[in-house]
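Structural overview for review
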Amino acid sequence: MSDIKKKPVILDGDPGHDDAIALVLAAAFKDQLDIKAITAVGGNQTLAKVTLNYRRIATFLGLKDVPIAAGREQPMLADLVVAPNYHGESGLDGPKLPDPEIPLSELSAVELMAKVLRESDEKVIIVATGPQTNVASLLLAHPELKEKIECISIMGGGLLKGNWTSAAEFNIIVDPESADIEFRSGVPVIMAGLDVTEKAYVLPEEWDKLRGLNPVAKMVAEWCDFFYIHLKELGWEGATLHDPCSVMVLVHPEIFTIKDYYVQIDCKGEYTRGATVPDYMGLLGQKPNCRCMMGVDRELFVKHLFEACESFGKGE
Ligand code: RIB
Ligand code: CA
C-alpha cells in the first residue's frame, strides 16, 4: 500500500482522444490521484458531444462513483470553434464505447467544482485539458475558493508557437479571455504547452503493443489509431499526446524539464490572438505565474503510459 497521500483532483476537458487518454492515466494513478469530479467544456466538439463522451469513457473505465457535470457551452466572449479534423464529428470517433451508465450531475461544472473545493479537507488540483472556460468561470464566480486550489495543471499554449495559428494553440485561442483570467488569478499554473506536448508522442509500433494487453489498453491503442490519421497527414511521426502530459506531470514530474516564467495571454493581437507570451528575460519585473513544461524524456513518458495501461489487468 503506497504511503504517499493521494492528491484530490478535478478533471476538466473536451474529449477528445487525448483528453480520454488523460482520464485513463488519472484512473490508473489511483494510488496517487483521487478523482473527485469530471467536468466537460465545449472545445474539440460541442458541449453536448464532449459531455456524452466523458460519460461513455467513465462508464467504460468503471468510474461509477465520480460525478460528471456539463460546463460552459461557449467561450467567455468568442464563438466556439470545434476540431472535427482531429477528433471527428462525435469528438471521439473510432472505437465504440458503451452507452453511458453514469448520470449527468444536476450541478453545473462550476457548481460541482465549487462543491468539491468547499468540501475538501485539503487543496485540490484542477487538471484542465480543453479551453479554460469552466476554470475561469469558477474563478470569477467563487474567488473565495481560490485558496482551495493547489494548482491548475493545463494543457494549453506554447511559448511563442501554435498549432491552430502560427502563434496560438487550440485550447487557448478558442477562449483567450478565460486563459487570461486564469493566468492573472494568482493561482499557480502548470502549463503543458506545445513545447513539451509535441515531444510527448507515441509511435505506431509502440502503441501496437497495447492491443493485446487488456480492453483499456486496446481502447487507448485504437484512440491513437484515429488521432494519428490527421497527424500523419500533417507529417508527424507519432501521436502527440498533449493532454496526458497534464496528468503525467502530477505523478512523474521527474521526467519533465520545467521553467518558471511570467506568461501573458494575448487577447488583442490581429495575428497573435491566443498566444501565450513568456517574459523570458524578466523585463516586466513580475514574479513568474506559470511553471512551463519545456521538455520530456519521451521513452520514460511512453514507459509510464504503458505501465498505466498494464495496470488495468491482463487478457481480453
Ligand atoms: O492543442 C491540443 C489541445 O486541443 C488538446 O487538449 C486537444 O484535446 C485539443 O483540446
Ligand atoms: Ca483537450
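Residues numbered from 1 in each chain as written. Chains lettered and ligands numbered in written order. Predicted model: local features only at pLDDT ≥ 70, side-chain atom pairs only at ≥ 80, totals over all residues. Heavy atoms only, no water.

1. Let's talk about the nonpolar core
Our working definition: Here the nonpolar core consists of buried residues drawn from Ala, Val, Leu, Ile, Met, Phe, Trp, Tyr and Cys, with membership extended through side-chain atoms lying within 4.5 Å. Each residue is assigned to one of three classes by its accessible area relative to the maximum for its type, calculated with a 1.4 Å probe on protein chains only: buried under 20%, partly exposed between the two thresholds, exposed over 50%. What counts as a helix is a DSSP run of H or I of at least four residues, what counts as a strand is a run of E of at least two, and both are numbered from the N terminus.
Judged by nonpolar contacts, the single largest core of 71 residues is most densely connected at Trp223, Phe256 and Phe301. Tallying contributions element by element places helix α10 (residues 215-233) first for this core, with 10 residues. Within the second largest apolar cluster, 34 residues are counted, among which are Val110, Val116, Val135 and Ile265.

2. Details of the side chain of Asp243
Heads up, the condition is: Whether two residues are in contact is decided by their heavy atoms, any of which lying within 4.5 Å being enough.
Its location among the elements puts Asp243 in the loop between β8 (239-240) and α11 (244-251). If we ignore the near neighbours within four places in the chain, the residues touching Asp243 are Asp18, Asp19, Ala22, Thr129, Met155 and Asn171.

3. Describing a nonpolar patch on the surface
Operational definition: Like charges within 9 Å and nonpolar side chains (Val, Leu, Ile, Met, Phe, Trp, Tyr) within 5 Å are joined into patches, using only residues over 30% in relative accessible area that form no salt bridge. All accessible-area figures derive from a Shrake-Rupley calculation using a 1.4 Å probe, and residue coverage is judged against the displayed protein chains alone. Any Lys or Arg side-chain nitrogen found within 4 Å of a carboxyl oxygen on Asp or Glu counts as a salt bridge.
A grouping of Leu160, Val277, Tyr280, Met281, Leu283 and Leu284 is seen on the molecular surface, where their side chains present a nonpolar patch of about 640 Å² in accessible area. Residue placement: Leu284 occurs in the loop between β11 (276-278) and β12 (290-296).

4. Thoughts on the environment of Ile154
One can find Ile154 in strand β5 (residues 149-155). The spacing of Ile154 and Val24 is 130 residues in sequence and 17 Å in space, taken between C-alpha atoms.

5. Digging into the coordination of the calcium ion (ligand 2)
Put simply, the rule is: Any N, O or S atom lying within 2.8 Å of the metal counts as a donor, with the limit raised to 3.2 Å for Na, K and Ca; because water is left out of the atom set, some sites can appear incomplete.
For the calcium ion (ligand 2), the protein coordination sphere consists of Asp14 (OD), Asp19 (OD), Asp19 (OD), Thr129 (O) and Asp243 (OD), at 2.2 to 2.6 Å. Within one chain, the residues serving as donors to the calcium ion (ligand 2) are arranged as D-x4-D-x109-T-x113-D. In this pair, Asp14 is assigned in the loop between β1 (7-13) and α1 (17-28) and Thr129 in the loop between β4 (124-128) and α5 (133-141), connecting sequence segments 115 residues apart. The residues Asp14 and Thr129 share a single accessibility class, namely buried.

Function cannot be read off these values alone, since they describe shape.
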